[in-house]
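For reference, the chains in residue letters:
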Amino acid sequence: MSAHLRRRWMLTTGALAASAVLLAGCTSNTPEPQDEEDGGDTAQGATSNNDETGETVTIGFSAPAADHGWMGAITRAALDEAAKYDDVELVVAEATNDVNLQISQVETFINDGVDAIVLLPFDGAALTEVATEAMEAGIAVVNVDREFASPFAARTTVLGDNYGMGVSAGTYICEQVGDNPDAVVAEIAGIDSLPLTQDRSQGFADALADCGLDVDNRVAADFTVQGGQSAAANLLQAAPQIDALWNHDDDQGVGVLAAIDEAGRDEFLMVGGAGSANVMRAIQADDSVLKATVIYPSTQAADGIRLARLIVQGKALSDLVEVEVPRTVQLYAPVVTKENVEEYLPTAFES
Amino acid sequence: MSEQTPPGLATAGSIPPDPDDPVRMQRTGPTATASHGPSPSGAWRRLVAGGAGRNLGLVVALLLICAVGVATAGERFASVDNLMTILRLAAIYGVLAIGMTFVITGGGIDLSVGSVLGLSTVWASTLATQTMARETHWAVIVFTALAVGVVAGLVNGVLIAYGKVVAFIATLAMLVAARGLAEVIANRRTQIVDVPAFLDVFRADVLGVSVLVWIFVVVAVAAWVVFNRTTFGRRTLAVGGNPEAARLAGIDVRRHTMWLYALSGLTAGIAGVMMLARTTAGSSTNGQLYELEAIAIVVIGGTLLAGGRGTIVGTVIGAVIFATLANVFTQNNLSISAQSVAKGAIIVVAVLLQQRFAARHRST
């Protein structure tokens with residue numbers, strides 16, 4: 001190799017390496033650290049001795065792929081919560097949306113003999129058997145968000161209130177447009193195959209029925225921005241005039257809003273779902289069709305981590321009289337509007 | 001069957017004898033061995049140039065991943081329980097990939113296997129199927145799943161072989177249609193399997209090994225025999241290597257192609273039964289993106305994507321490699337996203353290595 005060639009080669013390699021470093025730097029999506037609210041959380045439980053360091057608890061955690069703002073926030077909140085406790089050792093297996101793989105991850109936890117498993121299954125029914133195996137092996141399973149098919153599969157279940165979300169959204173829409181019996185109500189659902197979507201839609205329909213309304217146009221998307229965009233575009237084509245629209249999920253809501261913008265429509269009010277930070281900021285600004293959202297807490301898995309720790313250490317919820325951690329904890333689905341948005345913005349998730 | 005093999009096939013002119021390929025070695029058997037001579041070093045070289053040599057890169061890759069697993073997770077990785085966890089994970093992908101190996105070796109592609117798997121789990125777990133299974137025999141569920149797979153495969157095969165639709169398009173259409181049909185039948189709900197006899201059989205362990213793994217083993221052995229020791233296997237190679245030459249040699253290429261897709265549908269049905277047993281639930285979301293998993297396994301296994309050369313052993317090792325990789329990542333708390341990057345790298349490295357091995361053996 002001549003000196004000239006070698007120099008050229010080195011130059012090329014150097015340039016390549018430099019661009020690789022540059023590219024790698026550009027992949028970072030981490031926002032500026034915001035820990036204003038972190039300190040407050042730990043202080044809340046300080047009324048009891050539950051937060052005192054006890055025996056070390058190894059917790060296996062598995063959730064579907066963080067391909068969605070809410071799901072990403074679930075995992076992030078769980079990791080943050082575990083990091084607050086010196087006596088919690090968290091083993092994370094980030095699953096894909098492939099139940100076959102998620103089952104094998106739970107099997108790995110069983111092999112490793114963890115003390116507890118906090119599990120947000122991609123499909124509750126599909127993970128039931130392996131969770132039951134874990135319970136039989138003496139591991140406390142805390143089921144989060146998507147329920148197992150059998151009560152033997154989990155020690156404790158932390159649930160959002162999907163039906164309640166629908167009820168909250170429906171009741172709010174009734175308050176806003178209920179005096180018009182011909183009001184056109186539209187609904188953009190999430191993934192229809194999930195029981196949670198069916199529950200939300202049922203609650204929505206039941207609440208609307210209370211004030212004599214029903215869902216006139218309903219489409220299902222897939223919890224993605226892109227899916228929300230195309231579902232909403234179709235819906236807006238199908239319904240030339242709408243009075244109220246409920247979108248199940250704020251992540252797909254980004255796409256829904258894009259489609260609404262594209263169609264130049266603003267004759268209706270829109271209610272979101274889940275409660276992402278950008279939606280809450282839009283509600284606060286009050287300059288779009290978005291007037292409210294119903295919360296589906298993204299801190300459920302973090303609650304699951306806390307409960308798993310208490311169960312293994314033989315502690316109970318200090319604010320209850322019970323000696324044991326409850327069997328089921330169901331969270332509330334409040335409506336966030338311009339009036340109360342400040343209260344909820346700190347716990348909202350960034351999508 | 002073998003006497004039906006037309007004499008022209010053995011010397012089908014446009015397919016050059018490939019020293020890497022044990023099947024073609026057999027086909028050109030007498031002359032090849034005569035020229036090499038029966039010396040022991042020749043036999044060794046044949047072994048290395050044959051299956052063992054071609055799969056050497058794969059075995060090395062698998063051992064490397066295992067070494068990483070042992071180094072990072074120690075006894076947690078190197079335990080019998082963990083081995084079983086890996087094999088149970090590999091079983092379903094592996095069975096799919098074995099069917100895919102036949103199709104790809106025959107010069108085609110089947111993008112529909114994941115959807116067909118999903119459809120078969122749904123169809124085999126409907127209320128009607130389950131009721132019938134409870135009243136008669138659990139085999140009803142198995143039969144339904146396999147029948148759904150075979151019929152879907154036959155539709156693919158007829159469209160491709162007789163309808164002259166490009167395989168990519170025909171199976172892409174099936175991918176979309178089967179998923180949609182599964183959603184229609186299941187009404188997008190998860191159907192829980194409540195047939196105790198079925199679950200007892202398929203969720204059991206035999207000799208300490210899960211029935212699912214045994215199914216994988218049986219399918220792999222059967223596929224190896226069909227691929228390497230029957231006319232069907234040889235015809236598959238001939239059709240994939242050069243369809244025109246195969247036709248001139250007297251093979252009914254169209255009919256053979258049709259059966260290849262039916263076979264792939266059958267393995268998708270078998271994988272569907274396994275999925276039902278593993279998850280105890282049929283869902284239209286089952287098997288999403290499994291077609292890509294299967295193709296990746298087949299390709300790192302050493303089967304030529306253009307057809308004409310394939311290996312069942314390589315496919316089986318490929319399936320185990322991906323499952324082991326997933327396990328090592330889980331053991332080490334690493335994210336699935338990082339795993340996907342590693343998987344992509346492994347696919348490229350495996351293919352590059354295989355090309356080098358193949359080139360070296362050709363030059364010696």
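Everything quoted here is computed from the prediction, not taken from an experiment.

Participant: Got a minute to help me understand the overall build of chain A in this structure?
Facilitator: Scanning chain A for helices and strands turns up 12 helices and 12 strands. Here chain A holds 351 residues, and the buried ones make up 51% of them. Contacts spanning at least 24 positions in sequence make up 72% of the contacts within chain A whose residues lie at least 6 apart.

Participant: For this particular structure, what's the right way to read the domain arrangement of chain A?
Facilitator: Where interface size is given, it is often the accessible area lost as the parts come together that is meant. All names here are of chain A. Here chain A is described as being made up of domain 1 (36-159 + 299-319) and domain 2 (162-295). For domain 1 versus domain 2, the distance between C-alpha centres works out to 31 Å. Listed by partner, the interface residues are 4 residues for domain 1 and 5 residues for domain 2. Considering only residue class, the side of domain 1 that touches domain 2 consists of 1 nonpolar, 2 polar and 1 charged.

Participant: What exactly am I supposed to notice about the confidence of the model for chain A here?
Facilitator: When pLDDT drops low, the exact placement of atoms in the prediction is not to be read closely. Residue and element names in this part refer to chain A. Per-residue pLDDT for chain A averages 86, and the proportion of residues at 70 or more is 88%. Ranking the elements of chain A by mean pLDDT puts helix α2 (residues 36-44) last with 43 and strand β3 (residues 116-119) first with 96. Below pLDDT 50 for its whole length, residues 34-46 participates in 6 contacts with residues either more than four positions away or in separate chains.

Participant: Would you mind showing me how to read the sheet that holds strand β8 (residues 244-247) of chain A here?
Facilitator: Residues and elements named next belong to chain A. Strand order in the open sheet made by the 6 strands is β7-β6-β8-β9-β10-β12, with mixed pairing throughout. This sheet does not close on itself; its edge strands, each paired only once, are β7 (215-220) and β12 (335-337). Geometrically, the sheet is characterised by an average inter-axis angle of 20° between neighbouring strands, direction not taken into account. Pairing analysis gives 5 bridges linking strand β9 (residues 269-274) to strand β10 (residues 290-295), with the strands arranged parallel. Looking at β10, one finds that glycine 272 is bridged to threonine 293. Against the sheet, helix α8 (residues 225-238) contacts β6 (185-189) and β7, and its axis sits at roughly 150° relative to β7.

Participant: What's the story with the interface of chain A and chain B in this structure? I'm lost.
Facilitator: With 26 residues of chain A at the contact, the number on the chain B side is 29 residues. Secondary structure elements with two or more residues in the side of chain A that touches chain B: β2 (88-94), α4 (99-112) and α5 (124-136) of chain A. Here the side of chain A that touches chain B is composed, by residue class, of 11 nonpolar, 9 polar and 6 charged.

Participant: Is there a simple way to explain helix α11 (residues 300-313) of chain A in this structure?
Facilitator: Every α-helix winds through 3.6 residues per turn, so residues three or four apart in the chain are directed the same way. The end-to-end C-alpha distance of α11(A) is 20 Å, a good match for the 20 Å that 14 residues give at a rise of 1.5 Å each. Of all 14 residues in α11(A), 13 are buried, a share of seventy percent or more.

Participant: For this particular structure, what's the right way to read the sheet that holds strand β4 (residues 140-144) of chain A?
Facilitator: By definition, the strands of a sheet pair up through backbone hydrogen bonds, in either a parallel or an antiparallel sense. All names here are of chain A. Ordered by their spatial adjacency, 6 strands build an open sheet running β2-β1-β3-β4-β5-β11, and the pairing between neighbours is parallel. Both outer strands of the open sheet, β2 and β11 (328-330), are each paired with one neighbouring strand and no more. Along the sheet, successive strands turn relative to each other by an average axial angle of 15°, direction set aside. Note: β4 against strand β5 (residues 156-159), 3 bridges, orientation parallel.

Participant: Would you explain the packing of helix α3 (residues 69-83) of chain A against α11(A) in this entry?
Facilitator: Geometry of a packed helix pair, given as the angle between the helix axes and the separation of the axes. Residues and elements named next belong to chain A. Running from N to C, α3 and α11 point in directions that differ by 30°, and their axes come no closer than 7 Å. Relative to α11, the element α3 lies roughly parallel. Handedness of the crossing formed by α3 with α11: right-handed. Residues Ile74, Thr75, Ala77, Ala78, Asp80, Glu81 and Ala82 of α3 lie in contact with α11, whose contacting residues are Gln300, Ala301, Ala302, Ile305 and Arg306. Its residues assigned to classes, the contact of α3 with α11 comprises 7 nonpolar, 2 polar and 3 charged.

Participant: Could you clarify how one ought to interpret unusual backbone geometry in this entry?
Facilitator: Most of the time, phi is negative for any residue but glycine, and the peptide bond is trans. Positive phi, normally seen in glycine, also occurs at A:Ala274, with a value near 95°. Residue position: A:Ala274 is located in strand β9. In this structure, B:Leu289 is a non-glycine residue whose phi angle is positive, near 70°. Note that B:Leu289 resides in the loop between β4 (281-282) and α17 (290-301). Exposure remark for B:Leu289: the 11 C-beta atoms within 10 Å place this residue in the exposed category.

Participant: Can you help me understand the environment of B:Val151 in this one?
Facilitator: On the secondary structure map, B:Val151 appears in helix α10 (residues 139-161). A C-alpha to C-alpha distance of 28 Å links B:Val151 and B:Gly318, two positions 167 residues apart in sequence.

Participant: Looking at this model, I keep getting lost on the nonpolar core. Mind explaining?
Facilitator: One recurring pattern in soluble globular proteins is that nonpolar side chains are buried together. By size, the foremost hydrophobic cluster in this structure holds 204 residues, and its most contacted members are A:Ile59, A:Ala116, A:Val118, B:Val95, B:Leu96 and B:Met274. Each of domain 1 (36-159 + 299-319) and domain 2 (162-295) of chain A accounts for three or more of the residues forming this core. With 7 residues, the next largest nonpolar core counts B:Val239, B:Ala246, B:Ile251 and B:Val253 among its residues.

Participant: Help me understand the pairing of β10(A), please; the structure alone is not making it clear to me.
Facilitator: The side chains of a regular strand alternate between the sheet's two faces. The buried count for β10(A) comes to 6 of 6 residues, which makes it a mostly enclosed element. Viewed along the sheet, the connection from β9(A) through helix α10 (residues 277-285) of chain A into β10(A) turns out right-handed.

Conventions we followed
- Residues numbered from 1 in each chain as written.
- Chains lettered and ligands numbered in written order.
- Predicted model: local features only at pLDDT ≥ 70, side-chain atom pairs only at ≥ 80, totals over all residues.
- Helix = DSSP H or I, 4+ residues; strand = E, 2+ residues; numbered from the N terminus.
- Buried ≥ 20, exposed ≤ 12 C-beta atoms within 10 Å, placed from the backbone.
- Contact = placed C-beta atoms within 7 Å.
- Domains from an automatic or database assignment.
- Nonpolar A, V, L, I, M, F, W, Y, C, P; charged D, E, K, R; others polar.
- pLDDT = per-residue confidence, 0-100.
- Pairing = 2+ DSSP bridges.
- Axes fitted to C-alpha atoms, helices over the stretch in contact; angles between N-to-C directions.
- Expected span 1.5 Å × (residues − 1).
- Parallel < 35°, antiparallel > 145°, perpendicular 65-115°, else oblique.
- Left-handed = near helix turned anticlockwise from the far one by under 90°.
- Core = buried A, V, L, I, M, F, W, Y, C linked by C-beta atoms within 7 Å.
- Right-handed = clockwise from strand over helix to strand, strands pointing away.

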